[in-house]
Amino acid sequence: MRVRGATKEKSDTKSKPETSLALPWNVIVHDDPVTLMTYVSKVFVQVFGYSSEKAHRLMMEVHKQGRSIVWTGAREQAEMYAQKLQAHHLLTTLEAVDA
Amino acid sequence: MWVARVDEGYVFGDLSPASVETLKGVPMLLESADARVRGRLLPDTCDDAVDEEHWRRHAVPELERLFLSRAQLVRRDLATLRKMPKSEHKLLLIPDGHTSAWLAALNGARLALYVMNDLTAETMEPDGFVKATPKQQEALLRIHLLAEMQSVLLGDLEVEPSGPFDEFIIE
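Residues numbered from 1 in each chain as written. Chains lettered and ligands numbered in written order. Predicted model: local features only at pLDDT ≥ 70, side-chain atom pairs only at ≥ 80, totals over all residues. Heavy atoms only, no water.

### Let's talk about the side chain of B:Thr45
Secondary-structure assignment places B:Thr45 in the loop between helix H2 (35-41) and helix H3 (49-58). A distance of 2.8 Å separates a polar atom in the side chain of B:Thr45 from a polar atom in the side chain of A:Gln86. Of note is the side chain of B:Thr45, whose polar atom sits 2.9 Å from the backbone oxygen of B:Pro43. Among all residues touching B:Thr45, those that are not within four sequence positions of it are A:Gln86, A:Thr92, A:Thr93, A:Leu94, B:Glu52 and B:Trp55. (Helix = DSSP H or I, 4+ residues; strand = E, 2+ residues; numbered from the N terminus. Polar contact = N/O pair within 3.5 Å; in protein donor to acceptor, adjacent residues only side chain to side chain. Contact = heavy atoms within 4.5 Å.)

### Re the layout of surface pockets
Looking at the largest pocket, its volume works out to about 400 Å³. Lining the largest pocket are 22 residues, and of these A:Asp32, A:Pro33, A:Val34, A:Thr35 and A:Met37 lie nearest its centre. Counting only elements with at least two residues in the lining of the largest pocket, the list comes to strand S1 (25-30), helix H2 (37-48) and helix H3 (52-65) of chain A together with helix H6 (121-124) and helix H7 (134-154) of chain B. Here the lining of the largest pocket gets 3 residues from one element, more than from any other, and that element is H3(A). (1 Å grid on protein atoms, 1.4 Å probe; cavity = no way out; pocket = protein on both sides within 12 Å on 5 of 7 lines; lining within 4 Å. Points joined across faces, edges and corners; volume = space filled by probe spheres on them.)

### Quick word on helix H4 (residues 60-78) of chain B
Its 19 residues give H4(B) an end-to-end C-alpha distance of 27 Å, which sits within 8% of 27 Å, the value for a rise of 1.5 Å per residue. Burial in H4(B) covers these residues: B:Val60, B:Glu62, B:Leu63, B:Phe67, B:Arg70, B:Ala71, B:Leu73, B:Val74, B:Asp77 and B:Leu78. Elements in contact with the buried residues of H4(B): helix H4 (75-87) of chain A together with helix H1 (17-30), H2, H3, strand S4 (90-95) and helix H5 (99-116) of chain B. (Expected span 1.5 Å × (residues − 1). Buried < 20%, exposed > 50% of the residue type's maximum accessible area, 1.4 Å probe, protein only.)

### Regarding the pairing of strand S2 (residues 9-15) of chain B
Residues and elements named next belong to chain B. With 6 of 7 residues buried, S2 lies mostly within the body of the structure. As defined by bridge partners, strand S1 (residues 2-6) adjoins S2 across 5 bridges and the pair is classed as antiparallel. Opposite Arg-5, over in S2, you have Tyr-10 as the bridge partner. Connecting S1 to the next strand, S2, in antiparallel fashion are 2 residues. In this structure, S2 lies alongside S4, joined through 5 bridges in antiparallel fashion. Within S4, the position partnered with Leu-15 by the bridge is Lys-90. (Pairing = 2+ DSSP bridges.)

### Examining the environment of A:Leu36
When you line up the elements, A:Leu36 lands in the loop between S1 and H2. For the pair A:Leu36 and A:Ala74, spaced 38 residues apart in sequence, the C-alpha to C-alpha distance is 29 Å. When neighbours within four sequence positions are excluded, A:Leu36 is seen to be in contact with B:Asn107, B:Arg110, B:Ala147, B:Gln150, B:Ser151 and B:Leu154.

### A word on unusual backbone geometry
You will see that A:His89, though not glycine, has its phi angle at about 70 degrees, which is positive. Position of A:His89 among the secondary structure elements: in the loop between H4 and strand S3 (92-96). Phi at B:Asp118 is positive, roughly 50 degrees, even though this residue is not glycine. Accessibility expressed as a relative area gives 53% for B:Asp118, which makes it exposed.

### As for the packing of aromatic side chains
Residues and elements named next belong to chain A. Tallied over the full model, the rule gives 4 aromatic pairs over all chains. Here Phe-48 and Tyr-50 contribute two aromatic rings whose centre-to-centre distance is 4.8 Å and whose plane-to-plane angle is 15 degrees, an arrangement assigned as stacked. Looking at Phe-48, the relative accessible area reads 12%, which means it is buried. Residue Tyr-50 is classed as buried on the basis of its relative accessible area of 14%. (Phe/Tyr/Trp six-rings, centres within 6.5 Å; stacked < 30°, edge-to-face > 60°.)

Note that all results are geometric; they support no functional claim without further evidence.
And the structure:
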């Protein structure tokens, strides 16, 4: 599964300037009172290939701090990860990292 | 409800009519057009309006297709519910190959029930049940049933292997 049309975006005049594509993007998962904690960890392992320990640590960060930056990198890949996390119904947002 | 681990997957047995009704509601919740449900299952993702529009145009349609296909898979499995002997209760096999889809579907349905019934983090707490309205209490019972099934599929609850599924079928 991937975000389709990501290549088309480069020629889309409505898109943001090229510079915003070059900036790293954060994938952020937010806490919700419904989703099971073990499910969140499992999804992190499945989507990112993180170790169980890292997945658990990030899950606990989401649980205790209300949100966690679970991945940072190129916009297209960040969108792909956000889409995969939302496919599992984790509350996920994207943000460009300020230069 | 009891659970057994068979060669083909997990069997959920002794499902009451209320439990079956809850399960049959899962695909409908995933397909719901309710704005609150759509707002949670397809949430606003970017702060910037242009970025959000890009997200809605490119990522959301594929997510919608995925949720519909998942709802169809769950519906197909529910169509194989078997009646238990001398009882109105039923038996459901969730094949191993469908575990991931079921886990996500159950999560989506639980989130949908949460937003549709104006539940809060407080009502989700163990002592929150008594503070909830009767309608919310019914939703909470459904949410907890689906969570129990998720826990089984996640392997959080240990279930002893029980051989092939055929051994559970008494025609």
